[in-house]
Amino acid sequence: MMHYVPDPLFLPVGNTDEASASGGGDSRLYSPFSALYSPSQAANEFVMQQSTARPAGSVRSNPQSAALKRVLREGLRDLEDIKGSVTTVPLYLGLAGFIVRREWASAQSLCRAIIRYLEKAAEMTRKGKSLVKLKAKSEVGTYYTVLRIFDSYLTQIRKGQEPGRTVVVKKGKKSTTVYKSIWDSIYDCCLAVSGNTKLPFVAYSEFPIATCPGAGGVSLKYGNALSGAALGNAVLNDDPGGCGSFCYSIKALSYPATVARLLLLSLGATLDPARHVDTVMNRMVYESQTGNRPRIMRLFVDGDFRDVTAVEEWMRACKMLSKHGITIYGYSKSWRELLETHKRNGSRKSYWPSNFVLNLSSGSVHSDQMKAKIAKLPIARGGFSAIDPFVRVVEKTYEQKEGPVKGRRMAAAVLAAYERAKKAAENAVAQTKQLSGPGSGAAKRKARQALKNVDLSLHRRLKRYAPDLYAAWEQYEREHKALEKKIGAYNKVVKSRVEAVKGKAAKDAVKQTALVPGTALQAMTWRLLVPLVNKGEFACPIDCGRCPMAAIKGHDAVIRNLLSVDNAEALVAVQQAFQTSMARPFFARTQRMHACGDSSKRGVNILIGLH
């Protein structure tokens, strides 16, 4: 009898942050892929070495949109035209989109084009190091390895075969050869068994955006690069408050092993939805009977119900999991798909599983009227709103001055005027950058001052109308910047210690002392949101509105300590206190549902602040 051998590329996920979840291997990539949102420096370096000089005075178009569209139109023969402007997000989002839409030929063309690009980039060096590390022969997590495996999967799919591959697993001097079907690998990696740094619940994910038909704000970052089928089920839209404009899941794409896991799960759900859900369900049942015996599962940390079939399969699975005492909760903006499912099946009172709770996420492409309809479903618990703290300060200021109804109306008008004025001022500043010659310096200074005056005008009004709220906002801004700077300095110390110690176990132990900036910033935002909530709302510090107040205060105290210390040894002590007071104790003491998934608490809108 052969012992179970886990897939070395699609490894089980342990207790990690979602953005770094997912397996082993070397996730380090040098430019041009390392700068996820700021590729300009990497692009310039790569273009200087790789491209021919442009004629003097010529203007470079936006290659991320124009060149990629051209490559798509020409059949994705090569990504050479895109050069350094290639970023992780549009390419892997596009690959996931083609997979979701079952456009196998386009998916394979894009996959192979990225492989060729990586091979060419690997030939370039900077300071003696290759721009891209290729590990073609080893089963570890680099983009190159991931893409070669998915190229093989897509070849088999196009031939009508079930995807799989032979895996060689080394242990010491011995090696074991096993065959892994796609379902074996999905079983290996489908669940983040211990949750992430914020929540300890077992978590399941698929590829963000591409599987999210209700996502808003999609085109702001992705639509210009890949459109139509390449976005999967997502709909192009320019909603500035849409979730696509602030989706934290996108940051996870800077880790090759995370890309591998999310692509694999999205591929399985496309090939055979029922078998895929059964595979995930079987893994959850196994976990509930072994180890820490988890009883709560979070459905879709990344991604969403892509269609009615997905909703129906997951609801079937929830009913099966209820027999094992497992409760499931999730966040969704796939409201049209949920309502269509209700239309097909909702006449049966017992259709919706009693052990599933749905939070209605903000940033949807859908209307408030549709939200009101989805809120009436038996599974709906309430809203979960991601908000800009400054916008909330403006809203609360006018509500205090003019009353709830008139105040909200005035705040909306003021914010709209503010955004228009700021955009016009920003355009004016951009135009002055083209100026040269006498008087250009004065014109540039005047334009920059006009932009500052737009902010000053609104800030002075807020300070006059609600000095207490504005003072809280100013303190939040100061501490926010100081904390980001402090955490950055601290993590540099951690990085230097990782490089100094020897042995994988020692390095991993030091890595665990790194701070997650977003987690710390959330508690600071919670402190600001507390005076800004309205009746029926919770200000939620860490995705959870009912955590013990003492733990929240302890977390807040840790952040204040972090802002006050200067030496590395004290920072290590703060990190230990941070871990102790924030995540582990009060989650270890109880496995009850918190407000994010508490089916007994209905109609509550939970607020999460954006950073």
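Quick word on the nonpolar core
At step 1: With 84 residues, the main nonpolar core has Met297 and Trp314 as its most contacted residues.
At step 2: Looking at this core, the element that brings in the most residues is helix α5 (residues 143-158), giving 9 residues.

A closer look at the state of the cysteines
When the sulfur atoms of two cysteines share a covalent bond, that bond is a disulfide.
At step 1: Applying the stated criterion across every chain, the model contains 0 disulfides.
At step 2: Distance from the sulfur of cysteine 189, which forms no disulfide, to the nearest cysteine sulfur (cysteine 190) is 6.6 Å.

Considerations on the pattern of salt bridges
At step 1: Applying the stated criterion across every chain yields a total of 12 salt bridges.
At step 2: Glutamate 162 is the partner of arginine 275 in a salt bridge, and the nearest nitrogen-oxygen pair spans 2.9 Å. Of the two residues, arginine 275 is situated in helix α9 (residues 273-288) and glutamate 162 in the loop between α5 and β3 (164-171); the sequence distance between them amounts to 113 residues.
At step 3: For arginine 275, a relative accessible area of 38% corresponds to the partly exposed category.
At step 4: Across the pair glutamate 312 and arginine 344 runs a salt bridge, and its minimum N-O distance is 3.8 Å. Taken as a pair, glutamate 312 in helix α10 (residues 308-322) and arginine 344 in helix α11 (residues 335-345) lie far apart in primary sequence, 32 residues in all.
At step 5: Accessibility expressed as a relative area gives 26% for glutamate 312, which makes it partly exposed.

What about the packing of α10 against α11?
At step 1: Here α10 crosses α11 at 65 degrees, and the two axes come no closer than 8 Å. With respect to their mutual orientation, α10 and α11 come out roughly perpendicular. Here the hand of the crossing between α10 and α11 comes out right-handed. Note on element contacts: α11 touches α10 through Glu337, Leu338, Glu340, Thr341, Arg344 and Asn345, opposite Val308, Val311 and Glu312.
At step 2: Its residues assigned to classes, the contact of α10 with α11 shows 3 nonpolar, 2 polar and 4 charged.

Considering the confidence of the model for the protein
At step 1: Looking at the protein, pLDDT values average 75 and 68% of them are 70 or higher.
At step 2: Taken as a whole, residues 14-87 scores under 50 in pLDDT and shows 162 contacts with residues more than four places along the chain or in a different chain.
At step 3: Low pLDDT (under 50) marks residues 581-593, which in the prediction has 33 contacts with non-local residues, meaning those over four places away or in another chain.

Quick notes on the packing of aromatic side chains
At step 1: Counted according to the given criterion, the structure contains 14 aromatic pairs.
At step 2: Taking the centre distance of 5.7 Å and the plane angle of 90 degrees together, the rings of phenylalanine 201 and tyrosine 329 count as edge-to-face. Residue phenylalanine 201 is found in the loop between β5 (191-192) and β6 (202-204), and its partner tyrosine 329 is found in strand β8 (residues 327-332); the two are separated by 128 residues along the sequence. For the pair shown, phenylalanine 201 and tyrosine 329 are each scored as buried.
At step 3: On the numbers, 5.7 Å between centres and 35 degrees between planes, the contact of tryptophan 473 with tyrosine 476 is tilted. Taken together, the residues tryptophan 473 and tyrosine 476, both in helix α16 (residues 467-500) and 3 residues apart, mark about one turn of the helix.

Concerning α9
At step 1: Spanning 16 residues, α9 covers 23 Å between terminal C-alpha atoms, matching the ideal 22 Å at 1.5 Å per step.
At step 2: Looking only at α9, the buried set comprises His276, Val277, Thr279, Val280, Met281, Arg283, Met284, Val285, Glu287 and Ser288.
At step 3: Next to the buried residues of α9 lie α6 (182-189), β5, β6, α8 (256-271), β7 (296-299) and α10.

Each value, and the rule that gives it
- Residues numbered from 1 in each chain as written.
- Predicted model: local features only at pLDDT ≥ 70, side-chain atom pairs only at ≥ 80, totals over all residues.
- Heavy atoms only, no water.
- Core = buried A, V, L, I, M, F, W, Y, C linked by side-chain atoms within 4.5 Å.
- Buried < 20%, exposed > 50% of the residue type's maximum accessible area, 1.4 Å probe, protein only.
- Helix = DSSP H or I, 4+ residues; strand = E, 2+ residues; numbered from the N terminus.
- Disulfide = S-S within 2.5 Å.
- Salt bridge = Lys/Arg side-chain N within 4 Å of Asp/Glu carboxyl O.
- Axes fitted to C-alpha atoms, helices over the stretch in contact; angles between N-to-C directions.
- Parallel < 35°, antiparallel > 145°, perpendicular 65-115°, else oblique.
- Left-handed = near helix turned anticlockwise from the far one by under 90°.
- Contact = heavy atoms within 4.5 Å.
- Nonpolar A, V, L, I, M, F, W, Y, C, P; charged D, E, K, R; others polar.
- pLDDT = per-residue confidence, 0-100.
- Phe/Tyr/Trp six-rings, centres within 6.5 Å; stacked < 30°, edge-to-face > 60°.
- Expected span 1.5 Å × (residues − 1).

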